[in-house]
Amino acid sequence: MPSEPAASKAAFRLTLPVEGMSCASCVGRVERALAALPGASDVAVNLATGRASLALPVGTPPSRAVEAIREAGYDVPETVTAVAVEGMSCASCVGRVERALLALPGAVSASVNLATGRAELRHAAGAVSVSDVEAAVRRAGYEPRALAAGQDRSHEERQEREAAALRRDLIVAAVLSSPVVVLDMGGHLLPGFHHAVTGVVGASALAWLQAVLATLVLAGPGRRFFRIGVPNLLRGHPDMNALVALGSGAAYLFSLVSTAAPAWLPDGSAHLYFEASVLIVTLILLGRTLEARAKGRAGAAIARLIDLSPKTARLVDGANEREVPAADLRVGDRVRVRPGERVPADGTVASGSSFVDESMITGEPVPVEKGRDARVVGGTLNTTGSFDLTVDRTGADTALARIVRMVEEAQGGKLPIQALVDRVTLWFVPAVIGIATLTFLAWLVLGPAPALGHALVAAISVLIIACPCAMGLATPVSIMVGTGRAAERGVLFRQGAALQALQDARVVALDKTGTLTEGRPRLTDLVTSPGFSREGVLALAGAVEARSEHPVARAVAAAAREAGAIPEAEAFEAVPGHGVSAQVEGRPVALGSRRYMERLGIATGALESEAARLAGEGKSPIFAAVDGRLAALVAVADPVKPDARQALDALRARGITVAMLTGDARATAEAVARSLGITEVEAEVLPEGKVAALRRLRGAHGPVAFVGDGINDAPALAEADIGIAIGTGTDIAVESADVVLMSGALGGLVEAVVLSRATIANIRQNLFWAFAYNAALIPVAAGALVAFGGPPLSPVLAAGAMALSSVFVVGNALRLRRAGADT
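Rules of the game
Residues numbered from 1 in each chain as written. Predicted model: local features only at pLDDT ≥ 70, side-chain atom pairs only at ≥ 80, totals over all residues. Heavy atoms only, no water. Helix = DSSP H or I, 4+ residues; strand = E, 2+ residues; numbered from the N terminus. Buried < 20%, exposed > 50% of the residue type's maximum accessible area, 1.4 Å probe, protein only. Pairing = 2+ DSSP bridges. Axes fitted to C-alpha atoms, helices over the stretch in contact; angles between N-to-C directions. Contact = heavy atoms within 4.5 Å. Phe/Tyr/Trp six-rings, centres within 6.5 Å; stacked < 30°, edge-to-face > 60°. Salt bridge = Lys/Arg side-chain N within 4 Å of Asp/Glu carboxyl O. UniProt positions renumbered as here; feature names shortened; annotations may be inferred. Polar contact = N/O pair within 3.5 Å; in protein donor to acceptor, adjacent residues only side chain to side chain. Patch = residues over 30% accessible without salt bridge, like charges linked within 9 Å, V, L, I, M, F, W, Y side chains within 5 Å. Areas by Shrake-Rupley, 256 points an atom, 1.4 Å probe, with all protein chains shown as cover. Parallel < 35°, antiparallel > 145°, perpendicular 65-115°, else oblique. Left-handed = near helix turned anticlockwise from the far one by under 90°. Nonpolar A, V, L, I, M, F, W, Y, C, P; charged D, E, K, R; others polar. pLDDT = per-residue confidence, 0-100.

S.K.: Give me the overall build of the chain: which residues, what numbers.
M.R.: Across its full length, the chain holds 30 helices and 29 strands. Across the 823 residues in the chain, those meeting the buried criterion constitute 52%.

S.K.: Explain the sheet that holds strand β6 (residues 118-124) to me, using residue names and the numbers behind them.
M.R.: Overall, antiparallel pairing links the 4 strands, which are arranged β5-β6-β4-β7 in an open sheet. The outermost strands of the open sheet, each flanked by one partner alone, are β5 (107-113) and β7 (143-145). Averaged over all pairs of adjacent strands, the angle between their axes in this sheet comes to 30 degrees, without regard to strand direction. Bridge analysis of strand β4 (residues 78-86) against β6 gives 7 bridges, and the strand direction is antiparallel. From the neighbouring strand, Val80 faces β6, where its bridge partner is Arg122. Against the sheet, helix α5 (residues 130-139) engages β4, β6 and β7, with an angle of about 40 degrees to β4.

S.K.: Let's hear about the packing of aromatic side chains: which residues, and what values?
M.R.: Overall, the coordinates contain 2 aromatic pairs when judged by the stated rule. The interplanar angle of 35 degrees and the centroid separation of 4.5 Å between the aromatic rings of Trp769 and Phe808 together place this pair among those described as tilted. Of this pair, Trp769 sits in helix α29 (residues 747-782) while Phe808 is found in helix α30 (residues 795-814), placing the two residues 39 residues apart along the sequence. Overall, Trp769 belongs to the partly exposed group, its relative accessible area being 29%.

S.K.: So, the pattern of salt bridges: which residues are in play, and what are the values?
M.R.: Going through the model one piece at a time under the given rule, you end up with 27 salt bridges. When the shortest N-O distance is used, the salt bridge between Arg587 and Asp627 registers 2.8 Å. Of this pair, Arg587 sits in strand β22 (residues 587-592) while Asp627 sits in the loop between β23 (620-626) and β24 (629-637), and the two are 40 residues apart along the sequence. Judged by its relative accessible area of 32%, Arg587 falls in the partly exposed class. Linked by salt bridges that have partners in common, Arg314, Glu321, Arg334, Arg336, Arg338, Glu341 and Asp388 make up one network.

S.K.: An account of the sheet that holds strand β21 (residues 579-584) is needed here, citing residue identities and associated values.
M.R.: On the basis of which strands lie adjacent, the open sheet formed by 6 strands has the order β19-β24-β23-β22-β21-β20 and antiparallel pairing. Each end of this open sheet is capped by a strand with a single partner; those strands are β19 (522-528) and β20 (569-575). For this sheet the average axis-to-axis angle between neighbouring strands, irrespective of direction, equals 20 degrees. Across 4 bridges, the pairing between β22 and β23 is antiparallel. Residue pairing in the sheet places Gly592 in a bridge with Phe623 of β23. Across the sheet, helix α20 (residues 534-545) is in contact with β19, β20, β21, β22, β23 and β24; its angle to β21 comes to roughly 110 degrees.

S.K.: Go over the environment of Ala745, please, and point to the residues and values.
M.R.: By secondary structure assignment, the location of Ala745 is in the loop between β29 (739-741) and α29. Here the alpha-carbon distance between Ala745 and Pro642, two residues 103 residues apart in the chain, equals 8.6 Å.

S.K.: Tell me about unusual backbone geometry, residues and numbers included.
M.R.: Phi at Glu585 takes a positive value of approximately 55 degrees, unusual for a residue other than glycine. The topology assignment puts Glu585 in the loop between β21 and β22. Look at Glu585 and you get exposed, because its relative accessible area is 63%. With phi around 55 degrees, Asp627 is a residue other than glycine that occupies positive phi space.

S.K.: Give a detailed account of the UniProt feature "transmembrane region" (unreviewed entry) in the chain, specifying residues and quantitative values.
M.R.: Under the feature "transmembrane region" (unreviewed entry), the UniProt entry names residues 170-190, 196-219, 240-264, 270-287, 424-446, 452-475, 767-790 and 796-814. Measuring from the first to the last C-alpha atom of residues 767-790 gives 28 Å, for a span that is 67% helix and 0% strand.

S.K.: Residues and numbers for the side chain of His123, please.
M.R.: With respect to the helices and strands, the residue His123 is situated in strand β6. In this structure the side chain of His123 is engaged in a polar contact, spanning 2.7 Å, whose partner is the side chain of Thr81. Contacts of His123, omitting those with residues within four sequence positions, involve Pro77, Glu78, Thr79, Val80, Thr81, Gly106, Ala107, Val108 and Val128.

S.K.: Which residues make up a nonpolar patch on the surface, and what values do they have?
M.R.: A cluster of nonpolar side chains, namely Leu438, Leu441, Leu444, Val445 and Leu446, defines an oily patch on the protein surface of about 540 Å² accessible area. Considering the arrangement of structural elements, one finds Leu446 in helix α15 (residues 418-446).

S.K.: Can you explain the packing of helix α24 (residues 644-653) against α29? Please cite residues and give values.
M.R.: Direction vectors running N to C along α24 and α29 enclose 25 degrees, while the axes themselves pass 8 Å from each other. In terms of orientation, α24 lies roughly parallel with respect to α29. Crossing geometry of α24 relative to α29 is assigned as left-handed. Here Ala647, Ala650 and Leu651 of α24 come into contact with α29, specifically with Gly747, Leu749, Val750 and Val753. Broken down by class, the residue content of the contact of α24 with α29 amounts to 6 nonpolar, 1 polar and no charged.

S.K.: Give a detailed account of the packing of helix α16 (residues 451-465) against α29, specifying residues and quantitative values.
M.R.: At a minimum axis separation of 8 Å, α16 and α29 run at an interaxial angle of 165 degrees. Relative to α29, α16 is oriented roughly antiparallel. When you trace α16 past α29, the crossing you get is right-handed. Only Tyr773, Asn774, Leu777, Ile778, Ala781 and Ala782 of α29 make contact with α16, whose side of the interface consists of Ala458, Ser461, Val462 and Ile465. When its residues are assigned to classes, the contact of α16 with α29 shows 8 nonpolar, 2 polar and no charged.

S.K.: Lay out the confidence of the model for the chain with the relevant residues and their values.
M.R.: A residue-level look at the chain finds 84% of positions with pLDDT of 70 or above and a mean pLDDT of 80. Segment residues 1-9 is flagged for pLDDT under 50; beyond a separation of four residues in sequence, or across chains, it makes 0 contacts in the model. For residues 149-153, every residue scores under 50 in pLDDT, and the model assigns this stretch 10 contacts once sequence neighbours within four places are set aside.

S.K.: With reference to specific residues and values, describe the environment of Ala163.
M.R.: For Ala163, the position within the fold is in helix α6 (residues 154-189). On the basis of relative accessibility, which here comes to 9%, the residue Ala163 falls in the buried class. Between the C-alpha atom of Ala163 and that of Arg293, which follows or precedes it by 130 residues, the distance is 6.8 Å.

S.K.: For the pairing of β23, give the residues involved together with the corresponding values.
M.R.: By the criterion of burial, β23 is predominantly enclosed, with 5 of the 7 residues buried. Across 7 bridges, the pairing between β23 and β24 is antiparallel. Pairing of Val626 across the sheet is with Arg629, part of β24.

S.K.: Got a sec to walk through the environment of Val681? Specific residues and values, please.
M.R.: Positionally, Val681 belongs in strand β26 (residues 680-682). Taking the C-alpha atoms as reference points, Val681 and Leu661, separated by 20 residues in sequence, lie 6.1 Å from one another. Apart from the residues within four sequence positions on either side, Val681 is in contact with Met660, Arg666, Ala669 and Ala673.

S.K.: Let's hear about the pairing of strand β11 (residues 346-352): which residues, and what values?
M.R.: Judged from the 6 bridges that link them, β11 and strand β16 (residues 387-393) form a sheet pairing that is antiparallel. Bridge pairing links Val349 to Leu389 in β16. Note that β11 and strand β14 (residues 375-376) share 2 bridges and pair antiparallel. In the strand pairing of β14, Gly347 is matched with Val376.

Written as structure tokens, this is what we have:
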């Protein structure tokens, strides 16, 4: 049976972790699911190790095995392995690395970012190692580098090294190319120059001098294109480097033959194109140098964030104080922060007070007062006073580290719009080589004499002008600049795709408490009955409410403390849903709803009209009784955030429908909605009710964004097309969101929308330029203008235009550094 060994050779072994198996029947179910896959063999599932292994025919996606396990009711945990990739220069490089990664067993998805030089592979946990990923990158023709752990500048340092190498190569290429250009083209500028030079050194010596200089340029600064491009061309995966190598190499070899053995060429076709070969290399190096400088500025947001973290800290140990590396701090350490210093780690103020500039976190320029027990964030700037803090988060757990991580993830992500670019660039470079070949043959057959020279120039022009650098940079550089700018404005896009999703949103639904309002109820009104003073009632009410943990009770107690000292309450009793009572200085005091007063036999008619008025204003009225008599009406409200109305008006001005979803009472919700101009209100809804409301809003208006801050908002944040969390809210809400507003101010919501739309518009401009540039200039390079009496396109001009296209795309993306709601 000869077919079985052949089949065995054409199979690969796949091992996957499986979660959820608990008994032998689970093992059998998974084995049967895997054995049912076409061509699967040698299926083995181990309950003790929680792993499944099988042999699959080469070409079968490992994801099929993952799907089979999940359909059987079990799960295959996934993880992400990331490496840095050096040597990528265009969109074709990106596609090649992604295809190499996706070929690894257990691969689920791959994402490679040209701007950041980062490759990420999502795969079944344990199925792929870092060394496997690195080997796949090398097979694709590029050099992998391990990503350094922690907050460092490894990526920026690599960019700086690459930029320095490009500058060095550019200077060498320019110095060596200048004599070639002057000798070849000087006659066009100065009549008689060419004859004068050849009269001194001779035409043959002049040609050999150009050949030597051109050889030095291509073997030195230009070697980078041949080192990467030629192997990729031989593998059948040509990239931008291959196009440059083909173009400059063809011009050089033709010129070398014209110099050394002109008899090998048809009569009249032995022309020199050394200046084209060296200028192609020099101009493309110039374009890459400018591009590297611009990319360095594009990634400056992360560098600035990392630089905010101080390198040392003042550790307090009893009466002693010593300077230690900030990286050595541990949870529980006591650290002293002096005026003008940055906070070395997240912590809580233990003693002292100051005003801290938190603009790097929130985007808000006004320093925030910090006293005992106040939270401070590492990296923020202490402005005036001195304080000691107790460290509670260090290293990768700090807020600054999390922000850097979020920005890096967003900058490394891909937008759905990038799928179009990936599909085009998959075949773009091979198509360009095909067009160049057809151009060469067409000029050779149809062109005027000497046809070989014209054919060579046109083919080289096509190869050079069509380099897809601009296509590869169009999306990632805009994402990098846009997300970096957003971080500076206090808006964190946790993933790049959130940029595109937010600009598509047609309705923004907001939670009320803590989102539209401050989330901290305050005493707003106190109306007394005849015979009672405001101060006396407030002190008695505060004494009772100080024993309660209810948010409304805390607001009353806080107001009483601000007015003066409050007495002690005794015999405290809370009646859930009704109110509270206690003895204060021997006097019975009760606070609660109308029903509670009725239960105590106390008439509330004298203040009913005031209660109705206050409720209509969105406040919570509470009746207070002293000595069995109605003493006062207390009103508590959660104030609307100062910038809420302005922010919502700005959203409506941009064509976005605004809605409110809240679990609060309808009367309170509608009062807040009226003050903010919100017409769509869903009140008294549970967390699952918010999810249903979002689905109704999506059906009525289109894609929906939800803004919330609490644990109960997590389901709605996950359900929305784009979830936006208030950064001052709970960790659960933040983790469920796609976008985080660090300051808690709703102005950040407008910033997020504006930056999202500006970034996507910028990407569309870049893609239009990249595609339109190639669509328009490839025919010109092929000689289309000649048919209408125009001039052919020189390879030198083609190289300049190609370099200009990349610089234009990066320069256009850098305009986003000035974008924002106030621009």
